[in-house]
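Residue strings, one per chain:
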Amino acid sequence: MTKIPSKILLHKQSQQLELHFDGEQFLLPAEFLRVHSPSAEVKGHGVGQEVLQFGKKDVRITQLERAGNYALKLVFDDGHDSGIYTWDYFYELAKNQESLWQEYENKLHNAGKSRERDTSIVRFV
């Protein structure tokens, strides 16, 4: 059964999206939402086609657009605006935020990429 948020707030200063689901409250940072966008640009068109997002530490959400009664479209200041975040996807992200974030940081490290814009990590072997 789909959980529908009872309240959604965008905190512009901290760049966190606050979501309330049946008495549960979650804060999802803009960077987290951007790198976990459900768009084809990020997820690819199938398993193994995901595109690692990097340099998104300071990304900002500039707009929220309702997508029917089932989702929100988030617009980011880096031009990304093709992800449709369903209520179920928001809830999945919120419930698994810690493990998803750790997985993301591990992928960045393994790829020699950084959360910082215009930065790459050089490894000496």
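Everything in this summary refers to the structure shown in the same document.

Rules and cut-offs
Residues numbered from 1 in each chain as written. Predicted model: local features only at pLDDT ≥ 70, side-chain atom pairs only at ≥ 80, totals over all residues. Heavy atoms only, no water. Pairing = 2+ DSSP bridges. Helix = DSSP H or I, 4+ residues; strand = E, 2+ residues; numbered from the N terminus. Axes fitted to C-alpha atoms, helices over the stretch in contact; angles between N-to-C directions. Buried < 20%, exposed > 50% of the residue type's maximum accessible area, 1.4 Å probe, protein only. Phe/Tyr/Trp six-rings, centres within 6.5 Å; stacked < 30°, edge-to-face > 60°. Lys NZ or Arg CZ within 6 Å of the ring centre and 35° of its normal.

**Looking at the sheet that holds strand 2 (residues 16–21)**
Next, step 1: One open sheet holds the 3 strands; their spatial order is 1-2-3, and the pairing between them is antiparallel. With one partner strand each, in any of the chains shown, strand 1 (7–11) and strand 3 (24–29) form the two edges of the open sheet. Taking each pair of neighbouring strands and ignoring which way they run, the sheet shows an average axis angle of 15°.
Next, step 2: Of the pairings in the sheet, the one linking strand 2 to strand 3 comprises 6 bridges and is antiparallel in character.

**Side note on the environment of Arg117**
Next, step 1: Its location among the elements puts Arg117 in the segment after helix 4 (97–111).
Next, step 2: Overall, the relative accessible area of 49% leaves Arg117 in the partly exposed class.
Next, step 3: Distance in space between the C-alpha atoms of Arg117 and Gly55 is 3.8 Å, their sequence separation being 62 residues.

**Some points on the packing of aromatic side chains**
Next, step 1: Tallied over the entire structure, the rule returns 8 aromatic pairs.
Next, step 2: Seen in terms of ring centroids, Trp87 and Phe90 are 6.3 Å apart; in terms of plane orientation they differ by 25°. Their pairing is stacked. Here Trp87 pairs with Phe90, and both are found in helix 3 (residues 87–95), just 3 residues apart, close to one helical turn. The exposure classification of Trp87 matches that of Phe90, with both residues buried.
Next, step 3: Grouping aromatic residues by their ring pairs yields a cluster made of Tyr85, Trp87, Tyr89 and Phe90.
Next, step 4: Seen from the ring of Phe54, Lys113 lies directly overhead, with NZ or CZ sitting 4.4 Å from the centre.

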